[in-house]
Amino acid sequence: MTPAPDPARPDLPSDSDLVRAARGLPVSRTPVWFMRQAGRSLPEYRALRAGTAMLEACRDPDLVTEITLQPVRRHGVDAAILFSDIVLPLVVAGLDIEIKPGIGPVVAQPVRSVADVDALPLLDPSHLDFLTTAVRSLVQELGPTPLIGFAGAPFTLATYLIEGGPSKEHARTKAFMYAEPAAWSRLMDRLALSAATFLKVQMDAGASAVQLFDSWAGVLSAADYEARVLPYSREVFEAIGSRDVPRIHFGVGTGELLPLIGEAGADVVGVDWRLPLDEAARRVGHGRSLQGNLDPAVLLADRATVDREVRRVVEQGRAARGHIFNLGHGVLPDTDPGVLTHVAELVHELTLSPADPTPPAT
Ligand code: CP3
């Protein structure tokens with residue numbers, strides 16, 4: 001599916017608009033992709049997935065390749081995101097976790113004691129050959145379009161392990177964090193190691209950018225985030241830092257945490273829809289780019305509202321060092337895929353840099 005060469009477009013993913021925006025370099029137009037673009041709203045995804053459990057699909061390189069490519073073909077987005085899940089490294093390490101349709105990850109034996117932490121299996125990179133195969137085949141198919149690899153950040157993975165499944169308050173997680181600081185630290189260290197292993201395999205196989213999802217970090221105060229979570233996310237970024245691949249860090253409800261999220265070591269800070277990007281840029285500072293932040297619910301509204309909100313996000317994004325257009329969180333399952341294609345086109349249209357002026361005739 002390698003597109004025909006276009007002399008105006010870079011032919012290496014490392015020189016793509018996504019990578020350039022992540023680094024704060026000039027772009028031909030604002031790059032756009034959508035969190036959860038692979039799966040969920042696409043009928044061709046549902047057809048392919050029928051009869052295969054989510055975590056089984058994630059370990060089948062042919063399915064991973066095809067599902068990852070589907071939204072790139074359909075929407076003309078500027079990046080692919082690997083079809084996988086944040087709990088996959090834990091599953092490969094040997095934990096009994098199932099992704100229940102419409103619910104999310106459910107852990108058979110939640111981590112509730114210090115002994116449970118010490119009994120957690122470690123991720124063996126030699127069990128990730130399926131991932132290397134999938135990423136290599138994707139990089140080949142994608143040609144100039146960058147592939148974003150990803151992992152779940154230690155805190156967000158800890159919430160699933162401790163709660164046993166999705167949760168709103170994350171109260172058990174916080175209680176464990178306060179009551180058992182030494183075991184918490186060992187748990188977070190292990191999860192940081194596993195995330196770094198998972199990311200390194202993807203980078204070594206050719207991923208052009210990576211995103212660390214700390215989706216639920218926004219439930220913490222800035223002080224707790226800084227003392228009990230940030231050091232472990234930083235461990236992940238430090239472990240992969242020698243590779244010349246831009247790093248994106250995202251969480252939901254992190255308005256108060258944004259400067260700290262940046263300090264964990266990312267090149268790009270992902271912002272949800274609660275905070276305008278110009279204010280986010282002020283909080284994060286000029287050393288990092290921003291990604292975001294259209295409210296995914298807006299895509300369910302009428303076309304005039306969608307267009308108005310896309311324009312607003314594009315305008316406010318101009319305050320950032322570099323802007324990668326995205327939603328403020330994942331695509332909602334009821335989204336009309338045609339609206340996603342329209343948003344990608346509109347962002348490109350609104351941000352196309354004027355062609356170089358023709359030099360005056362002498
Ligand atoms: O972004 C993409 O399109 C790439 C694939 C991707 C999935 N999960 C596929 C998936 C990514 C990047 C993730 C990350 C992920 N997984 C996160 C972080 C991102 C976020 O949303 O904050 C989290 C918290 C999870 C855990 C998870 N997995 C939940 C909460 C759910 C249930 C929600 C749902 O959509 O049903 C999943 C399941 C899941 N992960 C699906 C997909 C395509 C749906 C499973 C299915 O189609 O049967």
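For the structure itself, consult the block above.
From a predicted model like this one, the values you see are computed outputs, not experimental measurements.

Reading guide: rules and limits
Residues numbered from 1 in each chain as written. Predicted model: local features only at pLDDT ≥ 70, side-chain atom pairs only at ≥ 80, totals over all residues. Heavy atoms only, no water. Pairing = 2+ DSSP bridges. Helix = DSSP H or I, 4+ residues; strand = E, 2+ residues; numbered from the N terminus. Contact = heavy atoms within 4.5 Å. Axes fitted to C-alpha atoms, helices over the stretch in contact; angles between N-to-C directions. 1 Å grid on protein atoms, 1.4 Å probe; cavity = no way out; pocket = protein on both sides within 12 Å on 5 of 7 lines; lining within 4 Å. Points joined across faces, edges and corners; volume = space filled by probe spheres on them. Nonpolar A, V, L, I, M, F, W, Y, C, P; charged D, E, K, R; others polar. Near = heavy atom within 4 Å. Polar contact = N/O pair within 3.5 Å; in protein donor to acceptor, adjacent residues only side chain to side chain. Areas by Shrake-Rupley, 256 points an atom, 1.4 Å probe, with all protein chains shown as cover. Sits in = over half its atoms within 2 Å of the grid points.

Chemist: Would you mind going over the sheet that holds strand β6 (residues 247–250) with me for this structure?
Modeler: Pairing in this open sheet of seven strands is parallel, and the strands run β1-β4-β5-β6-β7-β8-β9 from one edge to the other. Only two strands of the sheet have a single neighbouring strand rather than two, namely β1 (80–81) and β9 (323–327). Where β6 meets strand β7 (residues 268–270), three bridges bridge the pair, whose relative direction is parallel. Bridged to His-249 within β7 is Val-269. Each of β4 (147–152) and β5 (209–213) is contacted by helix α10 (residues 181–204), which is oriented at about 170° to β4, the strand it contacts most.

Chemist: Explanation requested: empty space enclosed by the protein in the structure shown.
Modeler: Gaps left between atoms show up when a probe the size of a water molecule is rolled over them. Scanning the model with the defined rule gives one cavity of 30 Å³ or more in all. By volume, the largest cavity is sized at about 90 Å³. Within the residue set of the lining of the largest cavity, elements represented by two or more residues are α5 (88–93) and α10. With three residues, α10 is the largest single contributor of residues to the lining of the largest cavity. The residue makeup of the lining of the largest cavity, split by class, is eight nonpolar, one polar and one charged.

Chemist: So what exactly am I meant to see when it comes to the site of the ligand here?
Modeler: In the vicinity of the ligand lie 25 residues, with Arg-36, Arg-40, Tyr-45, Ser-215 and His-329 positioned nearest. A distance of 2.6 Å is found between an oxygen atom of the ligand and a side-chain nitrogen or oxygen belonging to Tyr-45. Starting from 850 Å² of accessible surface for the ligand in isolation, the protein chains cover 90%. According to the grid-proximity analysis, the pocket containing the ligand is the largest pocket.

Chemist: Sorry, what's going on with the layout of surface pockets here?
Modeler: What the largest pocket holds in volume is close to 1,400 Å³. Residue assignment for the lining of the largest pocket shows that the elements contributing at least two residues are α2 (43–49), β2 (97–100), β3 (104–107) and α8 (154–163). At three residues, the largest contribution of residues to the lining of the largest pocket is made by α2. Its residues assigned to classes, the lining of the largest pocket comprises 25 nonpolar, eleven polar and seven charged.

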